[in-house]
Amino acid sequence: MSAGIIFFLILALLLVIFTLQNPTTIDLHVFFWNVHEVSLVLALIVCLILGVVLAFLLSYPQIWKLKSQLKEKQKRIKELEQNQNSKEEKPHIEGVEMTDDNEDSFFKD
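Residues numbered from 1 in each chain as written. Predicted model: local features only at pLDDT ≥ 70, side-chain atom pairs only at ≥ 80, totals over all residues. Heavy atoms only, no water.

Draft legend 1. Geometry of the overall build of the protein chain. The number of helices and strands found in the protein chain is two helices and two strands. The N-to-C order of helical and strand elements in the protein chain reads α-β-β-α. In the protein chain, which comprises 109 residues, the proportion classed as buried is 4%. Entry remark: accessible area of the protein chain is about 10800 Å², with carbon and sulfur atoms responsible for 65%. (Helix = DSSP H or I, 4+ residues; strand = E, 2+ residues; numbered from the N terminus. Buried < 20%, exposed > 50% of the residue type's maximum accessible area, 1.4 Å probe, protein only. Areas by Shrake-Rupley, 256 points an atom, 1.4 Å probe, with all protein chains shown as cover.)

Structure below.
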């Protein structure tokens, strides 16, 4: 089993233990809503989930912006590497390379 699954199983077990130890019901008053006899554990779990969702929604635009910047930077790195590889021709040891491409060359046998 992976470590993530084991971690979530332990969290689920702790949640079950917490639920069994706290069977208390509460009256919940939120702005204009009044909910009577709600389980304390249920109220806590709902608040936790709402907090996580709210934090994700507030941070998502920044994450999206950073991901797009990362893609642009990776694209720029690839372009620079391609330019580097194409320009990276080793010069001749004497500074000038003499080739026999021309048929009228002096050095032709």
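Okay, back to it.
Draft legend 2. Structural detail: helix α2 (residues 40-87). Its 48 residues place the ends of α2 68 Å apart at the C-alpha level, agreeing with the 70 Å of an ideal helix rising 1.5 Å per residue. A bend of about 40° at S59 is the largest found in α2, and the proline P61 appears one to four places after it. (Expected span 1.5 Å × (residues − 1). Bend = angle between axes of the 7 residues up to and from the residue.)

Draft legend 3. View of a nonpolar patch on the surface. A cluster of nonpolar side chains, namely I6, F7, F8, I10, L11, L13, L14 and I17, defines an oily patch on the protein surface of about 780 Å² accessible area. A relative accessible area of 38% places I17 in the partly exposed class. (Patch = residues over 30% accessible without salt bridge, like charges linked within 9 Å, V, L, I, M, F, W, Y side chains within 5 Å. Salt bridge = Lys/Arg side-chain N within 4 Å of Asp/Glu carboxyl O.)

Draft legend 4. Looking closely at the packing of aromatic side chains. All told, the structure shown has three aromatic pairs when counted by the stated rule. Judged by centre distance (5.7 Å) and plane angle (70°), the rings of F7 and F8 are edge-to-face. On the basis of relative accessible area, F8 is assigned to the exposed category, the value being 58%. Following the ring pairs from residue to residue traces out a cluster consisting of F56, Y60 and W64. (Phe/Tyr/Trp six-rings, centres within 6.5 Å; stacked < 30°, edge-to-face > 60°.)

Draft legend 5. Region of the structure containing the pattern of salt bridges. In total, this model carries one salt bridge according to the counting rule given. When the shortest N-O distance is used, the salt bridge between R76 and E79 registers 3.7 Å. Of this pair, R76 and E79 both sit in helix α2, three residues apart, roughly one helical turn. Taking the relative accessible area as the measure of exposure, R76 reaches 46% and is therefore partly exposed.

Draft legend 6. Spatial organisation of the layout of surface pockets. For the largest pocket, the calculated volume is near 180 Å³. Lining the largest pocket are L15, F18, V41, L44, I45, L48, I49 and V52. When contributions to the lining of the largest pocket are tallied by element, the ones reaching two or more residues are α1 (3-21) and α2. A total of six residues in the lining of the largest pocket trace back to one element, the largest contributor, which is α2. Among the residues making up the lining of the largest pocket, the classes are represented as eight nonpolar, no polar and no charged. In this structure, the second largest pocket encloses a volume near 160 Å³. Along the walls of the second largest pocket sit L28, V30, V35, V38, A43, V46, C47 and L50, which together make up its complete lining. Of all the secondary structure elements, the ones that give two or more residues to the lining of the second largest pocket are β1 (25-30), β2 (33-39) and α2. No other element matches α2, which puts four residues into the lining of the second largest pocket. Among the residues making up the lining of the second largest pocket, the classes are represented as eight nonpolar, no polar and no charged. (1 Å grid on protein atoms, 1.4 Å probe; cavity = no way out; pocket = protein on both sides within 12 Å on 5 of 7 lines; lining within 4 Å. Points joined across faces, edges and corners; volume = space filled by probe spheres on them. Nonpolar A, V, L, I, M, F, W, Y, C, P; charged D, E, K, R; others polar.)

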